[in-house]
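An overview of the molecular structure
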Number of protein chains: 2
Amino acid sequence: VDFLVPELIRKKRDGGRHSPEEIAFLVSGFAAGQIPDYQITAWLMSSFLVGLDNQETTSLTRAMKESGRSLEWKLNNSHLRTAGFKATALGPEARLADKHSTGGVGDKVSLVLAPLAACLGLKVPMMSGRGLGHTGGTVDKLESIPGFTMYPSEAQMRTGLREVGVVMMAQAEDLCPADRKLYSLRDVTATVESIPLITASIVSKKWAAGVESIVYDVKYGSGAFMSNLEQARKLARSLKRVSEEAGLRASALLTRMEEPLGAFIGNALEVRESLSILRGDESPLARPLRDLCLDLTAEMVFLSGAAGSTAGARETCDAALRDGQALERFLRMANLQGAEDGWESRLPVAPVRWALTSTESGHVASIQARALGLAGLRLGVGRRQAEDKVDPATGFEMAVAVGDRVKTGDTLLWIHARDEAQARGVETEVRAAFTFSSEAPAPLTRLFLERI
Amino acid sequence: VDFLVPELIRKKRDGGRHSPEEIAFLVSGFAAGQIPDYQITAWLMSSFLVGLDNQETTSLTRAMKESGRSLEWKLNNSHLRTAGFKATALGPEARLADKHSTGGVGDKVSLVLAPLAACLGLKVPMMSGRGLGHTGGTVDKLESIPGFTMYPSEAQMRTGLREVGVVMMAQAEDLCPADRKLYSLRDVTATVESIPLITASIVSKKWAAGVESIVYDVKYGSGAFMSNLEQARKLARSLKRVSEEAGLRASALLTRMEEPLGAFIGNALEVRESLSILRGDESPLARPLRDLCLDLTAEMVFLSGAAGSTAGARETCDAALRDGQALERFLRMANLQGAEDGWESRLPVAPVRWALTSTESGHVASIQARALGLAGLRLGVGRRQAEDKVDPATGFEMAVAVGDRVKTGDTLLWIHARDEAQARGVETEVRAAFTFSSEAPAPLTRLFLERI
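Below or above, wherever it landed, is the structure these notes cover. What you see is a predicted model, and the numbers here were worked out from it, not measured in a lab.

Bringing the pairing of strand 7 (residues 249-256) of chain B into the picture now. Residues in a regular strand project their side chains so that they alternate between the two faces of the sheet. All names here are of chain B. Along strand 7, six of the eight residues are buried, which leaves the element largely enclosed by surrounding structure. Looking at chain direction, strand 6 (residues 213-220) and strand 7 are connected through eight bridges and run parallel. Residue pairing for strand 7: V218 is matched across the bridge by L254. For the crossover that starts at strand 6, traverses helix 10 (residues 229-245) and ends in the parallel strand 7, the hand is right-handed. Pairing between strand 7 and strand 15 (residues 448-451): three bridges, direction antiparallel. Residue L253 lies in a different strand from strand 15, and its bridge partner there is R451.

See below:
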């Protein structure tokens, strides 16, 4: 079927509803280079402002998935094949499981969760992205491990999934190429923050990746993409609904993102912190991160059918952190994906560890994750643009948490930097991320707020 | 000042208001090729859906005017110079006058109005466009005259304006190049029908053309771009307001466009009909067109200060049509702009004049101008795309008007075509433009409805 592109734009502009064929025509025509960028951005902006309903969002998700290759993981006969996508028949146990986070500052959950889920019998072929803007990316973090590849061979993927239960990869270029192309336009045309467009972008990739169940970690708060709870709920519902229409088991946890997640921000720094959690660290500074890892992993295990309740799954996960099983999985995965022997002692370290001391006395009232994420960009922790290179060693190490009492001169955090000048260069920005109060603020309990 | 384009798009998307500097940055950056099409169309769509306020519309108009050359007509020392624009100081008589129509079917008013206004002492340097879609263009009509150029030399312009009082030209390419570039994007991204964007497009060209007063003929009705009276009023007010902010005297007449204007549609056919009006034709079929020409010309004369009232101006215009003065101006203009001797007898004539007869009896209840305009495209009267060539000879000649009583077999109109097959090819479409009723419909009185 052939449509006139201006007529389709006009339809959406005037509040109309697209048929699945119309959306497929737009996406495939754009992916094939037959529909120019300027028409697609006019359509994107009208979709942004007018909205896409549930059916349109599902159609968009499907069209993006069908723009590229889809993966099919054959677990029964112990080999892995990439082929045209076929709807996955869910058995009683949907073991091919994944987790996706909408992005936070200091979010190293995947590094703990993936090996932990593997301990409980799940198969986790996890595709991750790189950091962009103030939020980090799992790919950058793992690439700080000397020798570690986020582009494993088919043999590495096969062995990893079969023997370790986990393989961690960078998002494959040939999955959802239309999404990649659309996203790069949305990024420069102010059409990113739309729930239907975000949903289609995320779900199409999980659909094409061939997993059977998916848990979404939808962040909300001042440090997240979604700063409004109602909007975060809407996104969570949308992700769950479209994933289910794609034949996946899905759920979403809403989790808070105000202060940084954990005590470290930075690529190698976050690998170190993940290892610490995997080694059983339960110190107060580690606690919120550890709890969130357990909550999300338990949800994955329950959702996939491998446990009868999340509470039961959480207890088993907790034990697997304590007894070193999860750590062992991580080390086996790293080994299989090329990490050099003795890599842990050779993780990059920044030349300078510069203490930022408090000029105020009182209780730490808040630590703005977004501000630290943005300051991190200037240390090379993340990237402003897709082409930028990251620094694996730099970042921040928290000395205090919200609620702590500090005196003038106490260390608030350490800046890991290339040199002292670089550290001083972000001092003002970092200092502004802290607020203080005379009264102790309500203590932070769980980051996990509700399940959708 | 440098702005980030995505931030400007976001601002408009979220309901913000642009500063004049922001709009100038967008327009000049786009005109210079520094801002890509895909960002501008995202901005255009957000402006379309969110709106631009009065100040923003004026800023956009100014930015488009300043994207190119502006004309300055020096009348006092009898020469004409093109130079950087300087605000026109309005004397008691603002003699440099123009008229702009938002576009209709069979609209040949300019061909009568321009020489008629010149008879009353106005100087009319009229820039016109070509036909696009179902509406015709003055350039195409005049170019059907053998030898006539719509691209007069400076000498021809000077003499025309000084001695005849009128020169008719195609829109100069170097006036408002940003508008030209923007319009070609709007045309293919469903962002045409926006009052602020239309206003800026029209007024910027009149501003750059250096006239002192401008009358807008805002068409409304099923055959016009604006089919809704309230929308037409809004456009009229917007045109007047922005023109006045540009230092022009301005007014707008709302006029009806349901059935074709006059009895002919087609390039040479409309030149013939204009000559007939200029020769004093007052027959019933010619009457609504003649009245509209008088109403608009009288408004121009009054607005420019050359008459104390429109009624007085209208009487003088009426006399100038009756006594052949206006015809003489037209013939002098044609002569000056290169028309060959004896051109009138050599106007292109289509090989076939094919009668379409009625299959119904009753009163003609309506004749849909838009349907005839679209059918005319298939005869080559107009163009679908800017690159198309037009046929100077083809078109339609009405045999009846709304209200006339017809019997089966009576001729409704004649199709002027290349051959009978071409005529028969549009028969169904043309027939569908007519509706009939048993009762006589209310007779059509004046096309001119109200003055804004």
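On we go from here.
A few words on the pattern of salt bridges. Inspection of the entire model under this criterion finds 86 salt bridges over all chains. Measuring nitrogen to oxygen at the nearest pair gives 3.8 Å for the salt bridge that ties D107 of chain A to K219 of chain A. Residue D107 of chain A is located in the loop between strand 3 (97-101) and helix 5 (109-119), and its partner K219 of chain A is located in strand 6 (residues 213-220); the two are separated by 112 residues in the primary sequence. Looking at D107 of chain A, the relative accessible area reads 9%, which means it is buried. The closest approach of N and O atoms between R237 of chain A and E230 of chain A, which form a salt bridge, is 4.0 Å. Given the relative accessible area of 42%, R237 of chain A is considered partly exposed. Three or more residues are tied together by salt bridges with common partners; here these are E282, R287, R290, D291, D295, R314, D318, R322 and R446 of chain B.

Attention now moves to the sheet that holds strand 14 (residues 434-437) of chain B. All names here are of chain B. Spatial ordering of the open sheet is given by 12-10-14, a layout of three strands whose pairing is antiparallel. Bordering the open sheet on either side are strand 12 (405-406) and strand 14, each of which pairs with just one other strand. By the bridge criterion, two bridges tie strand 10 (residues 362-367) to strand 12 in an arrangement that is antiparallel. Residue H363 lies in a different strand from strand 12, and its bridge partner there is R405.

Turning to the relation of the copies chain B and chain A, a few remarks are in order. Its rotation angle being 180°, the transformation that places chain B on chain A also includes 0.1 Å of axial translation and leaves an RMSD of 0.0 Å. Such a combination of rotation and displacement between the chain copies is what one expects of a two-fold axis. It is Y38 of chain B whose C-alpha, among those of chain B, lies nearest the rotation axis, at 1.9 Å.

The next subject is the nonpolar core. Counting residues in hydrophobic clusters, the biggest one holds 85 residues, and the most contacted among them are I415, V430 and F434 of chain A. Residues contacting V430 of chain A, with those up to four places away along its chain left out, are L356, L372, A375, F396, L413 and I415 of chain A. Listed in part, the 84 residues of the second largest apolar core include A114, F148, A263 and L356 of chain B.

What follows covers the sheet that holds strand 7 (residues 249-256) of chain A. Residue and element names in this part refer to chain A. Reading across from one edge, 3-6-7-15 is the order of the four strands in this open sheet, with mixed pairing throughout. The open sheet has two edge strands, strand 3 and strand 15 (448-451), and neither has a second partner. Adjacent strand axes in the sheet meet at a mean angle of 20° when their direction is disregarded.

Let us now look at the interface of chain B and chain A. On the chain A side, the residues contacting the 20 residues of chain B number 20 residues. Put simply, chain B and chain A have four salt bridges between them. Across the pair R13 of chain A and E193 of chain B runs a salt bridge whose closest N-O atoms are separated by 2.9 Å. Counting across the interface, chain B meets chain A through 11 residue pairs in polar contact (both at pLDDT 80 or more). Elements represented by at least two residues in the side of chain B that touches chain A include exactly helix 1 (5-13), helix 3 (37-50) and helix 8 (177-188) of chain B. Among the elements that take part in the side of chain B that touches chain A, helix 3 of chain B stands out by supplying 10 residues, more than any other. For the side of chain B that touches chain A, a count of residues per class yields 11 nonpolar, five polar and four charged.

On to the state of the cysteines, then. A covalent bond between the sulfur atoms of two cysteines is what we call a disulfide. Summed over the entire model, instances satisfying the criterion amount to zero disulfides over all chains. C119 of chain A carries a free sulfur, and the closest cysteine sulfur to it, the one in C317 of chain A, is 8.3 Å from it.

All names here are of chain A. Although it is not a glycine, C176 sits at a positive phi angle of roughly 50°. The residue A190 is not glycine, and still its phi comes out positive at about 55°. For A190, the position within the fold is in the loop between helix 8 (177-188) and helix 9 (195-208). You can call A190 buried: its relative accessible area is 1%.

This part covers the packing of aromatic side chains. Centre-to-centre distance and the angle between the planes together describe a pair of aromatic rings. Within this structure, the stated rule accounts for six aromatic pairs over all chains. Judged by centre distance (6.2 Å) and plane angle (50°), the ring pair of F330 of chain A and W343 of chain A falls under tilted. Of this pair, F330 of chain A sits in helix 14 (residues 325-336) while W343 of chain A sits in the loop between helix 14 and strand 9 (352-357), placing them 13 residues apart in sequence. Each member of the pair, F330 of chain A together with W343 of chain A, is buried. A cation over an aromatic ring shows up here: K65 of chain B above the ring of W207 of chain B, its NZ or CZ 4.7 Å from the ring centre. K181 of chain B extends its terminal NZ or CZ atom over the ring of F30 of chain B, reaching a point 4.5 Å from the ring centre.

Bringing the side chain of S366 of chain B into the picture now. Residue and element names in this part refer to chain B. Note that S366 resides in strand 10. Classification of S366 as buried rests on a relative accessible area of 18%. Polar side-chain contacts of S366 include one of 3.3 Å to the side chain of Q368. Among the polar contacts listed, one links the side chain of S366 to the side chain of T435, at a separation of 2.5 Å. Not counting chain neighbours up to four residues away, the residues in contact with S366 comprise V402, A433, F434 and T435.

Residue and element names in this part refer to chain A. All of the buried residues along helix 7 (residues 154-164) are M157, G160, L161 and V164. On an axial view of helix 7, the arc spanned by its buried residues comes to 115°, and they lie on one face. Check the buried side of helix 7 and you find it contacts helix 5, strand 4 (124-128), strand 5 (166-170) and helix 14. Within two residues after helix 7, G165 carries a phi angle of roughly 90°, on the positive side.

All names here are of chain A. Assignment of secondary structure puts M226 in the loop between strand 6 and helix 10 (229-245). Distance in space between the C-alpha atoms of M226 and S213 is 24 Å, their sequence separation being 13 residues. Apart from the residues within four sequence positions on either side, M226 is in contact with I195, I198, K219, Y220, G221, Q231, A232 and L235.

Scoring rules and cut-offs
Residues numbered from 1 in each chain as written. Chains lettered and ligands numbered in written order. Predicted model: local features only at pLDDT ≥ 70, side-chain atom pairs only at ≥ 80, totals over all residues. Heavy atoms only, no water. Buried < 20%, exposed > 50% of the residue type's maximum accessible area, 1.4 Å probe, protein only. Helix = DSSP H or I, 4+ residues; strand = E, 2+ residues; numbered from the N terminus. Pairing = 2+ DSSP bridges. Right-handed = clockwise from strand over helix to strand, strands pointing away. Salt bridge = Lys/Arg side-chain N within 4 Å of Asp/Glu carboxyl O. Least-squares fit on C-alpha atoms with pLDDT ≥ 70 in both. Core = buried A, V, L, I, M, F, W, Y, C linked by side-chain atoms within 4.5 Å. Contact = heavy atoms within 4.5 Å. Axes fitted to C-alpha atoms, helices over the stretch in contact; angles between N-to-C directions. Polar contact = N/O pair within 3.5 Å; in protein donor to acceptor, adjacent residues only side chain to side chain. Nonpolar A, V, L, I, M, F, W, Y, C, P; charged D, E, K, R; others polar. Disulfide = S-S within 2.5 Å. Phe/Tyr/Trp six-rings, centres within 6.5 Å; stacked < 30°, edge-to-face > 60°. Lys NZ or Arg CZ within 6 Å of the ring centre and 35° of its normal. Arc of directions from axis to C-beta.

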